[in-house]
Amino acid sequence: MLGGQLLYEGKAKRVYVKDENTLLMEFKDVVTALDGVKVSQAPGKGVLNAALSAFFFRLLESRGVNTHFIGYDGGRVLTVRRLKMVPVEVIVRNYAYGSLIKRLPLYKPLSKLGKPIVEYHYKSDELHDPLILPEDILNTGLMSGEELNTVNEVSLRVNEVLSSELVRYGLTLVDFKLEFGRDANGRLLVADEISGDTIRVIDAEGRHLDKEVFRKGGSVEDLIIAYSTLARRLGINVGFRCT
Ligand SMILES: Nc1ncnc2c1ncn2[C@@H]1O[C@H](COP(=O)(O)OP(=O)(O)OP(=O)(O)O)[C@@H](O)[C@H]1O
Ligand SMILES: [Mg+2]
């Protein structure tokens, strides 16, 4: 339990108010799959995902991408800017996988896409985060045209930064999910997390270093090994070893 008022408890994180403009995001040692139906304790996952998120947010900031990240000193808690979240998940895909091949089985799993696909999903647990069109976003006022352009450009830029960084470590970025929020001036920032839960990364042997391990029926231990391997490959020291 952290100091400050608990603002929100989700599946993966607890969010606390630090001050008017600042939140603490505490990453839980819980893993869920199948829309939250499968829930398991996963000791070590919180620290790993906090450390991975801090690593990726720092990288993005260093390349001029504006994010909500303020600070991280180890452990399971990130300090971030408090935003008004846009209830849209942006998925960027480089290779066909997951819901893309479910929606359209014409795609061969892990086939390279001609160019990256940017997908939008409306964040709604009861509707199961449905795929929506850019026109839906504009018609319903979820974002303005200008905001949608920004989100599209920033998401593709994040893809370039993350893909090229991971390649340096012999890893391939299959796809990832982003969330955006607006600050007090209406500026859109990359928010939420970028972690083993929200990216798909494979090594040269095609092994997943992400939550796919668990979705495919692997154990919690397998999941922790996958996330620790990703962290170790990126040179992140999380203060414990399990690989
Ligand atoms: N900078 C931010 N300011 C305000 N809210 C944020 C910020 N970053 C992330 N959030 C929100 O905090 C919550 C984090 O909790 P968690 O990821 O556990 O939610 P979840 O169970 O995945 O549910 P949800 O469907 O709401 O994402 C999310 O609702 C996310 O949109
Ligand atoms: Mg979430």
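Residues numbered from 1 in each chain as written. Chains lettered and ligands numbered in written order. Predicted model: local features only at pLDDT ≥ 70, side-chain atom pairs only at ≥ 80, totals over all residues. Heavy atoms only, no water.

### Side note on the site of ligand 1
- Neighbouring ligand 1 are 17 residues, the closest being Lys11, Lys13, His68, Lys123 and Glu179.
- Between ligand 1 and the protein, one listed contact pairs an oxygen atom with a side-chain N or O atom of Tyr8 at 2.8 Å.
- One nitrogen or oxygen atom from the main chain of Arg81 is found 2.8 Å from a nitrogen atom belonging to ligand 1.
- Protein contact buries 86% of the 600 Å² of open area that ligand 1 shows by itself.
- When atom positions are compared with the pocket grids, ligand 1 is found to occupy the largest pocket. (Near = heavy atom within 4 Å. Polar contact = N/O pair within 3.5 Å; in protein donor to acceptor, adjacent residues only side chain to side chain. Areas by Shrake-Rupley, 256 points an atom, 1.4 Å probe, with all protein chains shown as cover. 1 Å grid on protein atoms, 1.4 Å probe; cavity = no way out; pocket = protein on both sides within 12 Å on 5 of 7 lines; lining within 4 Å. Sits in = over half its atoms within 2 Å of the grid points.)

### What about the layout of surface pockets?
- When its volume is computed, the largest pocket comes out at roughly 1800 Å³.
- In terms of lining, the largest pocket is formed by 50 residues, of which the most central are Lys11, Glu89, Asp129, Lys177 and Glu179.
- Viewed by domain, the lining of the largest pocket spans two of them, domain 1 (6-82 + 220-233) and domain 2 (84-201), each represented by three or more residues.
- Its volume calculated, the second largest pocket comes out at about 190 Å³.
- Around the second largest pocket sit Glu20, Asn21, Arg81, Arg82, Leu83, Lys84, Arg182, Asp183, Ala184 and Asn185, which together line it. (Points joined across faces, edges and corners; volume = space filled by probe spheres on them. Domains from an automatic or database assignment.)

### Some remarks on the pairing of strand S4 (residues 30-33)
- Going residue by residue along S4, you find Val30 and Thr32 tucked away on one face and Val31 and Ala33 tucked away on the opposite face as well.
- Between S4 and strand S5 (residues 38-41), which pair antiparallel one after the other, the connecting turn spans four residues, and Leu34 there sits at a positive phi close to 55°. (Buried < 20%, exposed > 50% of the residue type's maximum accessible area, 1.4 Å probe, protein only. Helix = DSSP H or I, 4+ residues; strand = E, 2+ residues; numbered from the N terminus. Pairing = 2+ DSSP bridges.)

### Considerations on the domain arrangement of the protein
- Taken domain by domain, the protein comprises domain 1 (6-82 + 220-233) and domain 2 (84-201).
- Each of domain 1 and domain 2 has a C-alpha centre, and the two are 18 Å apart.
- Contacts between the two partners involve 24 residues from domain 1 and, on the opposite side, 24 residues from domain 2.
- Both faces combined, the contact of domain 1 with domain 2 buries some 2200 Å², and carbon together with sulfur accounts for 58% of it.
- The largest contributions to the domain 1 side of the interface with domain 2 come from Phe56, Arg63 and Arg233, which together make up 25% of the buried area.
- On inspection of domain 1 and its partner domain 2, the count reaches five salt bridges.
- The residue Lys45 makes a salt bridge to Asp197 at a minimum N-O spacing of 2.8 Å.
- Connecting domain 1 to domain 2 are 13 residue pairs in polar contact (both at pLDDT 80 or more).
- Elements with a minimum of two residues in the side of domain 1 that touches domain 2: strand S3 (22-27), helix H1 (45-62) and helix H6 (220-233).
- Looking at the side of domain 1 that touches domain 2 element by element, the count peaks at nine residues for H1. (Contact = heavy atoms within 4.5 Å. Buried area = accessible area lost by both parts, 1.4 Å probe. Salt bridge = Lys/Arg side-chain N within 4 Å of Asp/Glu carboxyl O.)

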